[in-house]
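Per-entry structural report
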Protein chains: 6
Amino acid sequence: MSRYEEFMKFRERMNERILAQGTLEIKRFFALDTKAYAAGALDEKAKELLGLAASMVLRCDDCISYHLIQAKDKGASAAELFETFTVALVVGGSIVIPHLRRAVAFLEELEQAAP
Amino acid sequence: MSRYEEFMKFRERMNERILAQGTLEIKRFFALDTKAYAAGALDEKAKELLGLAASMVLRCDDCISYHLIQAKDKGASAAELFETFTVALVVGGSIVIPHLRRAVAFLEELEQAAP
Amino acid sequence: MSRYEEFMKFRERMNERILAQGTLEIKRFFALDTKAYAAGALDEKAKELLGLAASMVLRCDDCISYHLIQAKDKGASAAELFETFTVALVVGGSIVIPHLRRAVAFLEELEQAAP
Amino acid sequence: MSRYEEFMKFRERMNERILAQGTLEIKRFFALDTKAYAAGALDEKAKELLGLAASMVLRCDDCISYHLIQAKDKGASAAELFETFTVALVVGGSIVIPHLRRAVAFLEELEQAAP
Amino acid sequence: MSRYEEFMKFRERMNERILAQGTLEIKRFFALDTKAYAAGALDEKAKELLGLAASMVLRCDDCISYHLIQAKDKGASAAELFETFTVALVVGGSIVIPHLRRAVAFLEELEQAAP
Amino acid sequence: MSRYEEFMKFRERMNERILAQGTLEIKRFFALDTKAYAAGALDEKAKELLGLAASMVLRCDDCISYHLIQAKDKGASAAELFETFTVALVVGGSIVIPHLRRAVAFLEELEQAAP
């Protein structure tokens, strides 16, 4: 099982458990988290790139991985992803670099998993 | 003098001083900070919204003010700004709210300063 | 008008504007933010102290002020507030100190405003 | 050896080394870190939940694991833990979710390790 | 009264109040916070610059002001301060810039207050 | 292959890929990141310790590992490293402790890898 598959499986299994055991507010937060990225004045790709930039400056690898999957799924090109990385790197500084490395490694895995 | 004018004046005066006294690396960082938002695969508006979302989750009021000015200048509508706020709020949580309040207050001032 | 009154007035005016102009997701987030502190297995005071500790380590002065008002309203004693400050200080380190100073100054104002 | 046992063993071995090699100030900080959670106006369980909420919004997995162990040991119920998670999630936003997943996975391991 | 004098006065008045009302752990933390900057293998100036860089990347204006006062008092030159700013800017990214502006403005005030 | 070697290999492979695929701004940022630590008014060791303290309070394990390698290479003694850890711990609080544990474990590996 690739790291990509492991990530998705753990994510799914834990989300199920959280939604089963969690409070009503946690469930509502999860619903909100999905709706925030629905198309509106901005399209889905633009919103996923916002989520990606925000995740990168906050240095959350799982969030970055998730938004990379989504952004690619909504049609983001490699150039668009790297320009988003650029903004995040300049805003967030060199502490973003280890997350950038893992983002690029995750992109490789994504390409190998779903060519 | 409005808060908007004060902000711009302090910003400009201090940037001048930093560029006069600062190291070569600080000057290069400032140049890079400008270039990161130039049009490429993503247009300028999209990049300013990335900068806005990143500034909001990192909770930097001056950065938010600056990207609001720039995003409006590049044509961002109120709806696009509020959808960017939505992503930032969901990613960053309720601690983003005080900055959201000040962002909305700053938008008011911008509209009064440059109608 | 005291700083406490100013804070409450600005907060209220901006919340109204955000709820008027904001997206449906922002409104839902605001509703969720209220419900998260309702009594459940933990009582309201305990939850406000959780919100206070979280706000303090994230260094959000407005959030700290808000939770101080609420925690006192739900019956938190000075000793309970200072023990919450202690946990936040040890978890968050000396960068919490300026916020601790402002929290203590705000407590003074609260006592003068509502004796 | 389970992940729980590994975590505890690495923690203990490194704490010993830090206390052996570290400065007097590091030793004093470690002592303070223990005392901050002793019963006072607030009981031990309440303080561990404060530490848990603070650790969660600061997104420190090891800190979350440690406070989960302690909170359970001081009598925190599953409902109390999930209400603490709720406050942390609303305060800290969706970037807390990956840590919430790992917290819930760690709770599973704790239950299997010490039934 | 200059901003520098106001800052020092508020700081002192609140520290007194915190030490009067605070828990024993808060008092010990304050003592530790002083001792961490005492000369050892590294001299006082080097430690103040470490405190300055850490405060800058954590974006704590009061902490930056305090370490600027201390670093200058221990003999740090303008060039040493600006090289410390450079490291902090590169590590922490463009969100450090507003704090850098205020740091440079505070340095001006320091020079005017104590020429 | 030791964890140290793995870290260096992954770092190098990903840096190459980022510099090959990345934008011009990312390349410039990487160049700046190197130059910020060159000797000037402060020597290389002092700058690496600044980078180490900044990385520690921002809680970036890879950044800490990198600056530990560099600081030792520029002549930092164990006492200097632990005094830097002390400042970072007091500034950043107990959430720094898990990173301190991993820093001390990494120092062990460095000593075994290059005795």
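Residues numbered from 1 in each chain as written. Chains lettered and ligands numbered in written order. Predicted model: local features only at pLDDT ≥ 70, side-chain atom pairs only at ≥ 80, totals over all residues. Heavy atoms only, no water.

1. Focus: the overall build of chain A
The following threshold applies: We count a stretch as a helix when DSSP gives it H or I for four or more residues in a row; a strand needs E for two or more, and each element gets its number in order from the N terminus. Values of the radius of gyration come from C-alpha atoms, whereas the globule rule sets the reference at 2.2 Å times the count of residues to the power 0.38. Burial status follows relative accessibility: with a 1.4 Å probe on protein chains alone, a residue under 20% of its type maximum counts as buried, one over 50% as exposed, and anything between as partly exposed. Any pair of residues with heavy atoms lying within 4.5 Å of one another is described as a contacting pair.
When you go through chain A residue by residue, the secondary structure sums to six helices and zero strands. Put simply, chain A runs from its N terminus to its C terminus through helices and strands in the order α-α-α-α-α-α. For 115 residues, the compact-globule estimate of 2.2 N^0.38 gives 13 Å, and the C-alpha radius of gyration of chain A, at 15 Å, lies within 12% of that figure. The principal-axis extents of the C-alpha atoms in chain A amount to approximately 40 × 40 × 30 Å. Buried positions account for 60% of the 115 residues belonging to chain A. Here the analysis covers contacts within chain A between residues at least 6 apart in sequence; of these, 59% occur between residues at least 24 apart.

2. Comments concerning the interface of chain B and chain D
For the record, the criterion: Summed over both partners, buried area is the accessible surface (1.4 Å probe) that two parts give up on being assembled. We count a salt bridge whenever a side-chain nitrogen from Lys or Arg sits within 4 Å of a carboxyl oxygen from Asp or Glu. Two N or O atoms form a polar contact when they lie within 3.5 Å of each other; inside protein one atom must be a possible hydrogen donor and the other a possible acceptor, and for residues adjacent in sequence the pair counts only when both atoms belong to side chains. Residues are sorted three ways: Asp, Glu, Lys and Arg are charged, Ala, Val, Leu, Ile, Met, Phe, Trp, Tyr, Cys and Pro are nonpolar, and all the rest, Gly among them, are polar.
On the side of chain D, six residues touch chain B, which itself brings six residues to the contact. Around 400 Å² of area is buried between chain B and chain D when both sides are counted, 50% of it from carbon and sulfur atoms. Taken as a group, B:Val90, B:Val91 and B:Ser94 account for 68% of the area that chain B buries against chain D, more than any other trio of residues on that side. The interface formed by chain B and chain D contains zero salt bridges. Linking chain B with chain D are six residue pairs in polar contact (both at pLDDT 80 or more). Taken together, the residues of the side of chain B that touches chain D break down into three nonpolar, three polar and no charged.

3. Digging into empty space enclosed by the protein
Here is the rule: Any residue with an atom within 4 Å of a point lines the site, the site being either a cavity, points on a 1 Å grid over the protein atoms alone where a 1.4 Å probe fits but cannot get out, or a pocket, an open set with protein on both sides within 12 Å along at least 5 of 7 lines. Grid points are joined across faces, edges and corners, and a volume is the space filled by probe spheres set on the points.
Following the criterion strictly, the structure yields one cavity of 30 Å³ or more and no others. Its boundaries defined by the atoms lining it, the largest cavity holds a volume of some 30 Å³. B:Phe7, B:Phe10, B:Arg11, B:Asp62, E:Pro98, E:Arg101 and E:Arg102 are the residues that line the largest cavity. Elements supplying a minimum of two residues to the lining of the largest cavity: helix H1 (3–21) of chain B together with helix H6 (97–113) of chain E.

4. Notes on helix H2 (residues 24–35) of chain D
Note the threshold: One less than the residue count of a helix, multiplied by 1.5 Å, gives the span that helix is expected to have. Note that the arc is computed from the directions linking the helix axis to the C-beta atoms.
Here H2(D) contains twelve residues, and its C-alpha end-to-end distance of 17 Å stays within 8% of the 16 Å for a straight helix at 1.5 Å per residue. Buried within H2(D) are the following residues: D:Glu25, D:Ile26, D:Phe29, D:Phe30, D:Leu32 and D:Asp33. Each buried residue of H2(D) sits inside an arc of 160 degrees when the element is viewed along its axis, so together they form one side. Elements that come into contact with the buried residues of H2(D) comprise helix H5 (78–92) of chain C, helix H1 (3–21) of chain D, helix H2 (24–35) of chain E together with helix H5 (78–92) and helix H6 (97–113) of chain F.

5. Here we look at unusual backbone geometry
Negative phi is the rule for most residues except glycine; trans is the rule for most peptide bonds. The backbone of C:Arg59 shows a phi angle near 60 degrees, a positive value even though the residue is not glycine. If you trace the backbone, C:Arg59 turns up in the loop between helix H3 (44–57) and helix H4 (61–73).

6. Remarks on the confidence of the model for chain A
This is how it is decided: A score from 0 to 100, pLDDT tells how confident the predictor is in each residue.
Mean pLDDT for chain A: 95, with 97% of residues reaching 70 or above. Interface confidence for the predicted complex, given as ipTM, is 0.95, next to a pTM of 0.97.

7. Structural notes on the relation of the copies chain A and chain B
The operation relating the pair of chain copies consists of a rotation about an axis and a translation along that axis. Where we set the bar: Least-squares superposition aligns the copies on the C-alpha atoms of those residues with pLDDT at or above 70 in both.
After a rotation of 180 degrees and a shift along the axis of 0.0 Å, chain A superposes on chain B with an RMSD of 0.0 Å. What we have between these two chains is a two-fold relation. Here 100% of the interface residues in chain A have copies in chain B that are interface residues too; the copies meet face to matching face.

8. Examining the state of the cysteines
All names here are of chain C. The criterion, for reference: Note on terminology: disulfide denotes any pair of cysteine sulfur atoms within 2.5 Å.
Here the structure, examined in full by the defined rule, presents six disulfides over all chains. Between the sulfur atoms of Cys60 and its disulfide partner Cys63 the distance amounts to 2.1 Å. Because the torsion about its S-S bond is 60 degrees, the bridge between Cys60 and Cys63 counts as right-handed. In this structure Cys60 comes out as buried when scored by relative accessible area, which is 3%.

9. Examining the interface of chain A and chain B
The interface of chain A with chain B comprises 24 residues on the first partner and 24 residues on the second. Overall, the association of chain A and chain B removes approximately 2,200 Å² of surface from exposure, summing both partners, and the carbon and sulfur fraction of that is 78%. The largest per-residue losses of area from chain A upon contact with chain B belong to A:Leu50, A:Glu83 and A:Val90, which jointly make up 27% of the total buried on that side. Across the salt bridge formed by B:Lys47 and A:Glu83, the nearest N and O atoms sit 3.1 Å from each other. Linking chain A to chain B there are six residue pairs in polar contact (both at pLDDT 80 or more). Among the elements of the structure, helix H2 (24–35), helix H3 (44–57) and helix H5 (78–92) of chain A are those that each provide at least two residues to the side of chain A that touches chain B. Classifying every residue of the side of chain A that touches chain B by side-chain character gives 16 nonpolar, four polar and four charged.

10. What about the pattern of salt bridges?
The full count for this structure, using the stated rule, is 54 salt bridges over all chains. With a closest N to O distance of 3.5 Å, F:Arg13 and A:Glu108 form a salt bridge. One end of the pair, F:Arg13, is in helix H1 (residues 3–21); the other, A:Glu108, is in helix H6 (residues 97–113), on a second chain. Under the relative-accessibility criterion, F:Arg13 is labelled partly exposed at 41%. We classify A:Glu108 as buried; its relative accessible area is 15%. For F:Lys45, the salt bridge identified is with F:Glu80, shortest N-O distance 2.9 Å.

11. Observations concerning the nonpolar core
This is how it is decided: Each nonpolar core is a collection of buried residues, namely Ala, Val, Leu, Ile, Met, Phe, Trp, Tyr and Cys, held together in the definition by side-chain atoms within 4.5 Å.
Of all hydrophobic cores here, the largest spans 258 residues; its most connected members are A:Phe85, B:Phe85, C:Phe85, D:Phe85, E:Phe85 and F:Phe85. With residues up to four places along the chain from it excluded, the contact list for E:Phe85 reads B:Ile26, E:Leu52, E:Met56, E:Leu68, E:Leu100, E:Ala103, E:Val104 and E:Leu107.

12. Some remarks on helix H6 (residues 97–113) of chain B
Across its 17 residues, H6(B) extends 24 Å between first and last C-alpha, which sits within 8% of the 24 Å expected from 1.5 Å per residue. For H6(B), a buried count of 13 out of 17 residues is recorded, marking the element as mostly surrounded by other parts of the structure.

13. Topic: the side chain of A:Glu25
Applicable threshold: The convention is simple: Lys and Arg are positive, Asp and Glu are negative, and His and the chain ends are not counted.
By secondary structure assignment, the location of A:Glu25 is in helix H2. Nearest to the buried, unbridged A:Glu25 among oppositely charged side chains is A:Arg28, at 5.3 Å.

14. Considering the side chain of F:Ser65
All names here are of chain F. By the element assignment, Ser65 lies in helix H4 (residues 61–73). Judged by relative accessible area, which is 10%, Ser65 ranks as buried. Setting aside its immediate chain neighbours within four residues, Ser65 contacts Phe7 and Phe106.

15. Description of the packing of aromatic side chains
Quick reminder of the rule: Put simply, two rings from Phe, Tyr or Trp (the six-membered ring, in Trp's case) pair if the centres are within 6.5 Å, and we call them stacked under 30 degrees between planes, edge-to-face over 60, tilted for the rest.
A complete count under the given rule lists 21 aromatic pairs over all chains for this structure. A centroid spacing of 6.2 Å and a plane angle of 70 degrees characterise the contact between B:Phe29 and F:Phe29, whose relative ring orientation is edge-to-face. Residue B:Phe29 is found in helix H2 (residues 24–35), and its partner F:Phe29 is found in helix H2 (residues 24–35); the two belong to separate chains. We classify F:Phe29 as buried; its relative accessible area is 0%. The interplanar angle of 70 degrees and the centroid separation of 5.1 Å between the aromatic rings of F:Phe82 and F:Phe85 together place this pair among those described as edge-to-face. Taken together, the residues span about one helical turn, with F:Phe82 and F:Phe85 both in helix H5 at a distance of three residues. You'll find F:Phe82 and F:Phe85 in the same group, each marked buried. Following the ring pairs from residue to residue traces out a cluster consisting of A:Tyr4, A:Phe7 and A:Phe106.

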